[in-house]
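One letter stands for each residue in the lines below.
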Amino acid sequence: MKKMLIIYYTWAYGNTKRIADQLKEATGASMERIDTVEPYPLNYQETYEQGYSEVDLDFRPELMDLSLDIDDYDVIALGTPVWWYKMSPAMYSFVYSHNWYGKTIIPFVTCAGWPKKVMKQYRRECYGANIIYPFIVKFDRNGGDAMITEQYEIDAWIEAVKRYLETGNAVKFKQKMKKEPFFKRLAATFKKKNKQ
């Protein structure tokens, strides 16, 4: 079985942590949260302005050290919220500061919309990595914690990740499961379970 580490950054509502926790619970993976050395202000408007400026400048804040070493893991799941169409500055700083060559990366993002640039950032900044099962979880457009993505879709994604960890075989994946019979079947299974 492959060994996985989940690394995530979350801020206001803990949406990214919520998804990271589900992935950890289902897979038994190790998990760490990225934190900046200088915390963001507690005031939403102040963080909004600071975050906007940092994203605009491609700023990479200094991060606290992690207690786990990514080199000890076969697979790294990276989770970030979307900040102004890009990954959070904390995640940008993290992925920029590591060599991903030969690693397998499972990126996931939480957002109210416009996540595609983040997935492109993951591909660019994690150069040399095998990127599989990218996943987008949409939340309320007002910046809240009301999840729009259906739980059964998340369950199907997590099941696919579990199967990869167990077998080492990644199946073709697109989040639009209508086009992928394997994920369509998984999603249908979890949709039925959630209704019971």
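Definitions and limits used
- Residues numbered from 1 in each chain as written.
- Predicted model: local features only at pLDDT ≥ 70, side-chain atom pairs only at ≥ 80, totals over all residues.
- Heavy atoms only, no water.
- Helix = DSSP H or I, 4+ residues; strand = E, 2+ residues; numbered from the N terminus.
- Buried < 20%, exposed > 50% of the residue type's maximum accessible area, 1.4 Å probe, protein only.
- Polar contact = N/O pair within 3.5 Å; in protein donor to acceptor, adjacent residues only side chain to side chain.
- Contact = heavy atoms within 4.5 Å.
- Patch = residues over 30% accessible without salt bridge, like charges linked within 9 Å, V, L, I, M, F, W, Y side chains within 5 Å.
- Areas by Shrake-Rupley, 256 points an atom, 1.4 Å probe, with all protein chains shown as cover.
- Salt bridge = Lys/Arg side-chain N within 4 Å of Asp/Glu carboxyl O.
- Lys, Arg positive; Asp, Glu negative; His and termini not counted.
- Charge placed at Lys NZ, Arg CZ, Asp CG, Glu CD.
- Core = buried A, V, L, I, M, F, W, Y, C linked by side-chain atoms within 4.5 Å.
- Axes fitted to C-alpha atoms, helices over the stretch in contact; angles between N-to-C directions.
- Parallel < 35°, antiparallel > 145°, perpendicular 65-115°, else oblique.
- Left-handed = near helix turned anticlockwise from the far one by under 90°.
- Pairing = 2+ DSSP bridges.
- Nonpolar A, V, L, I, M, F, W, Y, C, P; charged D, E, K, R; others polar.

Asks: Explanation requested: the side chain of Thr 27 in the structure shown.
Replies: Relative to the helices and strands, Thr 27 resides in helix 1 (residues 15-27). By relative accessible area, which is 14% here, Thr 27 ends up buried. One polar contact links the side chain of Thr 27 to the main-chain amide nitrogen of Ala 29, over a distance of 3.3 Å. Setting aside residues up to four positions removed in sequence, Thr 27 forms contacts with Met 1, Met 4, Val 161, Lys 162 and Leu 165.

Asks: What am I meant to see in a positive patch on the surface here?
Replies: There is a patch of like positive charges on the surface, built from Lys 116, Lys 117, Lys 120, Lys 138 and Arg 141. Examining the composition of the positive patch, we find that three residues originate from one element, helix 4 (residues 116-125), more than from any other. Take Arg 141: it is sitting in the loop between strand 7 (135-138) and helix 5 (151-167). Using a relative accessible area of 59% as the deciding quantity, one classes Arg 141 as exposed.

Asks: Can you walk me through the nonpolar core in this structure?
Replies: Formed by 29 residues in total, the largest nonpolar core has its most connected members in Ile 76, Leu 78, Phe 94, Val 95, Trp 100 and Tyr 122. Those elements giving two or more residues to this core turn out to be strand 1 (4-8), strand 3 (75-83), helix 3 (89-96), strand 5 (104-111) and helix 4. Among the elements that take part in this core, helix 3 stands out by supplying five residues, more than any other. For Leu 78, the residues in contact, after removing those within four places along its chain, are Ile 7, Met 91, Phe 94, Val 95, Trp 100, Ile 105, Ile 106, Pro 107, Phe 108, Tyr 122 and Cys 126.

Asks: Sorry, what's going on with the environment of Tyr 13 here?
Replies: Along the chain, the position of Tyr 13 falls in the loop between strand 1 and helix 1. What makes Tyr 13 partly exposed here is its relative accessible area of 49%. Taking the C-alpha atoms as reference points, Tyr 13 and Gly 144, 131 residues apart in sequence, are found 6.7 Å from one another.

Asks: Before we go on, may I ask you to explain the packing of helix 1 against helix 5 in this structure?
Replies: Geometrically, a packed helix pair is captured by the angle between its two axes and the distance between the axes. At a minimum axis separation of 10 Å, helix 1 and helix 5 run at an interaxial angle of 45°. Between helix 1 and helix 5, the interaxial angle falls into the category oblique. In terms of crossing hand, the pair formed by helix 1 and helix 5 is right-handed. The residues of helix 5 that touch helix 1, namely those facing Ile 19, Gln 22, Leu 23, Ala 26 and Thr 27, are Gln 151, Ile 154, Asp 155, Trp 157, Ile 158, Val 161, Lys 162 and Leu 165.

Asks: For this particular structure, what's the right way to read the pairing of strand 3?
Replies: A regular strand places its side chains so that they alternate between the two faces of the sheet. Judged by how many residues are buried, strand 3 sits mostly within the fold: nine of nine residues are covered. Relative to strand 3, strand 1 runs parallel, the two being bridged by five bridges. Across the sheet, Met 4 pairs through a bridge with Val 75, a residue of strand 3.

Asks: Please explain the packing of helix 3 against helix 4 as it appears in this structure.
Replies: In the contact formed by helix 3 and helix 4, the axes pass within 10 Å of each other and the chain directions differ by 20°. In terms of their interaxial angle, helix 3 and helix 4 are classed as roughly parallel. Crossing of helix 3 against helix 4: the hand is right-handed. Facing helix 3, whose interface residues are Met 91, Tyr 92, Val 95 and Tyr 96, helix 4 presents Gln 121, Tyr 122 and Glu 125. Within the contact of helix 3 with helix 4, the residues separate by chemical class into five nonpolar, one polar and one charged.

Asks: Please clarify how the environment of Lys 17 should be interpreted in this entry.
Replies: By secondary structure assignment, the location of Lys 17 is in helix 1. On the accessibility criterion, Lys 17 (33% relative accessible area) is partly exposed. Through-space distance from the C-alpha of Lys 17 to that of Gly 79 is 8.2 Å; in sequence the pair is 62 residues apart. For Lys 17, the contacting residues outside a window of four places in its chain are Tyr 8 and Thr 10. Of the polar contacts made by the side chain of Lys 17, one reaches the side chain of Asp 21; its length is 2.7 Å.

As far as function goes, none of this settles anything; it's purely spatial.
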